[in-house]
Amino acid sequence: MVSTAGFAAVFYSEPAVLGLLANVVSAFLLCLQNFTTAHTGLGPQGVQDVLAGVHLILIGGFVQLLAGFLAFRKYDHLGGAAFLTFSALWSSYGATRIISAAYPPLQNTTLPSGNASHLLPAGTTLTSTSQSAVAGLVAYISISFILSFCSATVNYIMPFIFGAIALALVFEAVALFGQWALVVSGVIELVIVLCGLYGAVALLLKGITQRYILPGFGHPLFNVLLLGSAQKSSSKAIGEEKKKNTKYAEPMALGNICDTVSPFIFAFYSFGYMKTFCVGAAWISIISSCQLLSSFYSYLRGDVYYTTKFGVHSLYWLVMSWEEFILTVLLGPGKAQESRLGMFGGWFFLAVACMLFLMSTHKDTLEMLQNASFIILMSASIHQIPVPGAYLFLGAACSLCTALSLYATFASLINSIGEKALIPIGSQAMSSSALQTTLMAAKSCFTRSKNLPSSTRAEVPDALFYICNGLAAISAIQATFSDPDRQQLSIPSVLIPGAIMQLYVCRIQVQGGRRFGCILPFCYAAFWGAWTWLRFAGHLMNIGAGNSEGFTAGAIAFLVLNAFLMILASSLNVVLLCMTAAMELLAICFLLFTLENLPLPFEIVMLSIFSIICFYGATASLANSMFGKDLMMMGPPLFTAESSKKDTEGPPPCICPKSHCTSGLRAIADLLNTGAVCGVPTDTVYALAASCRHPQAIEKVYRIKDRPQEKPICIFISNLDQLRAAAPPISPLLWEFMENVYPGGIGCIIKKGEWLKKLGVGEGYSRVGTQDSIMIRVPDLTVLVHLIDMTGPLAITSANPSGEVDSTHHDMVISRLGHKLEGVLCDGDSDEVVASTVVNCTKIDESGITIIREGCIPAGKVMQIFERVKNRVV
């Protein structure tokens, strides 16, 4: 069995090299064009603009996108957010160049009355296509300055690079209106090139030698802790207890950056600055794709709330931007505004925003304020609001969202880097237990009166699946067959959530290994794609009810397929069964439309019922997944195959108790105390454990793993006080260093001595460590700490055959080594996919520390801790 969580972070070396070089090449390209334009007075046109745009998209966009991926996997909060943000910036700027080449500006063009820029007086001169990019540039300028400031807490090269990018963007924006700024912008871009090249070389040498050769990295301009003290009232302190997740960097900053750029562009448009939303749709589509990545990384971290929130926000910005694109570019506002009054997708977005606000009441105040601002924003998107006031309302709501998201970006970046709530984000409005009680009240009342069994648990991506289908359904409601403008305007709100976004849901279902789960979104994506093609875009391609025989055959095939999906859904829960049954009726409506025999009121009723089922399913799935409990009823499965599964499964090869049961801990502790070898969870990956009091058990560990005898085995203790009681000859510097890294995923190699026997190692003294040294670690896992308290120090090594990948789930331990073990303590997925970082501290006072193995904690972070401790002690 291979872990689906990916490779170890150490395998990714230094992705910042790739990101910096992408910025260098992009800046150098713009520098050359700016100097050429300033010298000749002729700007790039036609093919030159297209080629420049393609280069910016490929190098500044896709190459930096890869750097962002790798930085997230390396647990680099700042690098992941920065590189993906600048990837979106260069891609958007490249797309603007291509659009400008396709639609060159017209001289002396004035604004006709009735244009989309309805707030500007008639006769106002219009902005060109490239000048429409000012909104996006200003948004990225603000983000770049924040990234520059935050990077000063990590090193003193990135601040100059990110700050130079921000200044270059300022003069790029000014140059759209006056060519004098091109020279200034070109000079600043040369600074980006020089600083970026130096930074890339420095990091490349560090990756090759595993130590810093050139100055600039490894030491911040100032300590992040100087920005404030940890907020004791933050939700991180008083919320529900969670395992620390260092598999991937925190994506909240990236999501907030996206929620800054998109509303900023919409605010410019709503206040009448842009004539059309062609450039705006391109910029928002690109940054919304980055927001999908923040949703995906939230999913990989097991955070269902942010998976759903960022997915919904990305969906909203995509739908809104392309709806405005169709309105301003293809139709014209005066012609289509009446048609928009019959579109109801905004109401579903409003309901989802209220649901997210409810689910955030146990989080910090800033999160609640953000969700409240999005409720206001969703309200502004409802088309039934009179048009003149609607755009003003939308612009004001976008401005509020931008301000809150900008602050949230700064707070999330600083708090992630410092791993403390240094920037105030407020306290909880409601405790986690109170919210759970509130959500469970209705279910408790209903199940008590009906005596129904509990429902099955929801999975992380289920909420997004229901939201996509519910939005597509309510947006598909049409009051008449003869309104082509409304049909055309409805394309984004049905196609994007129903087809495109569901393919993303399908992807994360596959990532989670759910075989049936990915079938539903894939099949329903095909259905909504066909619905959009025939019902809304058919008149554009001369396809109608009279010449749609292929769609008729497809509808019949989908009816048969969905019947099987209904059978499968009945083995999961009632809500999903009701949804698939409603989809069967919608497929019948689609079939009747192809046969020119559709009763429109029946279709409207079925679409409404389907969307209501989806909204309840989304709310219940989100609540149940967030807390891991059946808080809201989804209904029990009508039948289950568990009994037959139990018959076919054989007994486990060893004792496999659950970690959350006290009896399970006692059972494993009793086995270890009698000299057995057991598999146990740690704060990194699963490990084999043997009592240090039984040397024969430690020898057995070597045989079980086929581990070479020259490789030493470390020991785990439950806390640092145990080590103090043994009174080892440790210097004040080493004590201070261990106090800063314990408990956690760092193991310290120290000098061995007779003091180990006072620690409780006993007869296993000669079997652990080397002749002169021993690695000691204090795990950051409550279950394992309790186990060590019952057994004394444990000899520990990773639970895998020697040379193979680490075990990240108890099933991997059981399947690979279970027949050789006496027991495995089952704790589900491990916190990490790689073992601990090993640090040699035997010469800490003479020459400092040495990184022996980089694991879940990056070497750079370990060195920062050591330098901070050294400066304080010395």
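Residues numbered from 1 in each chain as written. Predicted model: local features only at pLDDT ≥ 70, side-chain atom pairs only at ≥ 80, totals over all residues. Heavy atoms only, no water.

**Student:** Looking at this structure, how should I read the overall build of the chain?
**Tutor:** Looking only at helices and strands, the chain has 30 helices and nine strands in total. The buried share of the chain, reckoned over its 874 residues, is 59%. Looking at the chain alone, contacts between residues at least 24 apart form 76% of all its contacts between residues at least 6 apart. For the chain, the exposed area adds up to about 34300 Å²; of that, 64% sits on carbon and sulfur atoms. (Helix = DSSP H or I, 4+ residues; strand = E, 2+ residues; numbered from the N terminus. Buried < 20%, exposed > 50% of the residue type's maximum accessible area, 1.4 Å probe, protein only. Contact = heavy atoms within 4.5 Å. Areas by Shrake-Rupley, 256 points an atom, 1.4 Å probe, with all protein chains shown as cover.)

**Student:** I would appreciate a short explanation of the environment of Leu665 in the present structure.
**Tutor:** Structurally, Leu665 is set in helix α23 (residues 662-673). Between the C-alpha atom of Leu665 and that of His786, which follows or precedes it by 121 residues, the distance is 8.0 Å. Here Leu665 is in contact with Ser659, Val783, His786, Leu787, Met790 and Leu825, once residues within four sequence places are set aside.

**Student:** Honestly, the pairing of strand β5 (residues 773-777) in this entry has me stumped. Any pointers?
**Tutor:** If a strand is regular, its side chains alternate between the two faces of the sheet. The buried fraction of β5 is high, at five of five residues. Because side chains alternate across β5, one face comprises the buried residues Ser773, Met775 and Arg777, and the other comprises Ile774 and Ile776, equally buried. By the bridge criterion, two bridges tie strand β3 (residues 714-716) to β5 in an arrangement that is parallel. Pairing of Phe716 across the sheet is with Arg777, part of β5. Bridge analysis of strand β4 (residues 746-751) against β5 gives four bridges, and the strand direction is antiparallel. Along β5, the bridge assignment pairs Ile749 with Met775. (Pairing = 2+ DSSP bridges.)

**Student:** It is not clear to me how the pairing of strand β2 (residues 687-691) should be interpreted in this structure. Could you clarify?
**Tutor:** Of all five residues in β2, five are buried, a share of seventy percent or more. With three bridges joining them, strand β1 (residues 678-680) and β2 adopt antiparallel strand pairing. Each residue of the ladder has a partner; that of Val680, found in β2, is Ala687. Where β1 folds back onto β2 in an antiparallel hairpin, the turn is made up of six residues. Pairing geometry for β2 and strand β6 (residues 794-798), over five bridges, is antiparallel. Following the sheet pairing, Leu688 is matched in β6 by Thr797.

**Student:** I would appreciate a short explanation of the packing of helix α1 (residues 16-40) against helix α5 (residues 158-175) in the present structure.
**Tutor:** The description of two helices packed together rests on the angle between their axes and the distance between the axes. One can describe the packing of α1 onto α5 by two numbers: an axis separation of 12 Å at closest approach and a directional angle of 30°. Comparing the axis directions of α1 and α5 gives the class roughly parallel. In this structure, α1 meets α5 at a crossing whose hand is left-handed. Residues Ala16, Leu20, Asn23, Leu30 and Asn34 of α1 touch α5, and the partners they reach there are Met158, Ile161, Ile165 and Glu172. (Axes fitted to C-alpha atoms, helices over the stretch in contact; angles between N-to-C directions. Parallel < 35°, antiparallel > 145°, perpendicular 65-115°, else oblique. Left-handed = near helix turned anticlockwise from the far one by under 90°.)

**Student:** When you look at unusual backbone geometry in this model, what are you seeing that I'm missing?
**Tutor:** What is expected of a backbone is that most residues other than glycine have negative phi and most peptide bonds are trans. The omega angle of the peptide bond from Tyr742 to Pro743 is -10°, so this bond is cis rather than trans. Along the chain, Pro743 falls in the loop between α26 (732-741) and β4. The backbone phi angle of Glu596 is positive, close to 60°, even though this residue is not glycine. Relative to the helices and strands, Glu596 resides in the loop between α20 (574-594) and α21 (600-627). Although it is not a glycine, Asp706 adopts a positive phi angle of roughly 55°. Summarising the element assignment, Asp706 is placed in the loop between α24 (695-705) and β3.

**Student:** Would you mind showing me how to read the side chain of Thr402 here?
**Tutor:** Of note, Thr402 is situated in helix α14 (residues 387-418). Under the relative-accessibility criterion, Thr402 is labelled buried at 10%. In this structure the side chain of Thr402 is engaged in a polar contact, spanning 3.3 Å, whose partner is the backbone nitrogen of Phe264. Among all residues touching Thr402, those that are not within four sequence positions of it are Asp259, Thr260, Pro263 and Phe264. (Polar contact = N/O pair within 3.5 Å; in protein donor to acceptor, adjacent residues only side chain to side chain.)

**Student:** Hey, could you run me through empty space enclosed by the protein in this one?
**Tutor:** Over the atoms, a rolled probe matching the size of one water molecule traces out where space is still vacant. For the structure on display, the rule yields five cavities of 30 Å³ or more. By volume, the second largest cavity amounts to about 110 Å³. Around the second largest cavity, the lining comprises 14 residues; the ones closest to its centre are Glu323, Gly345, Gly346, His383 and Ser493. Of all the elements in the fold, those that place two or more residues in the lining of the second largest cavity are α10 (304-331), α12 (345-359), α16 (462-475) and α17 (484-511). Residues belonging to the lining of the second largest cavity are distributed by class as follows: six nonpolar, seven polar and one charged. (1 Å grid on protein atoms, 1.4 Å probe; cavity = no way out; pocket = protein on both sides within 12 Å on 5 of 7 lines; lining within 4 Å. Points joined across faces, edges and corners; volume = space filled by probe spheres on them. Nonpolar A, V, L, I, M, F, W, Y, C, P; charged D, E, K, R; others polar.)

Everything listed here is a matter of coordinates, which is why it stays silent on function.
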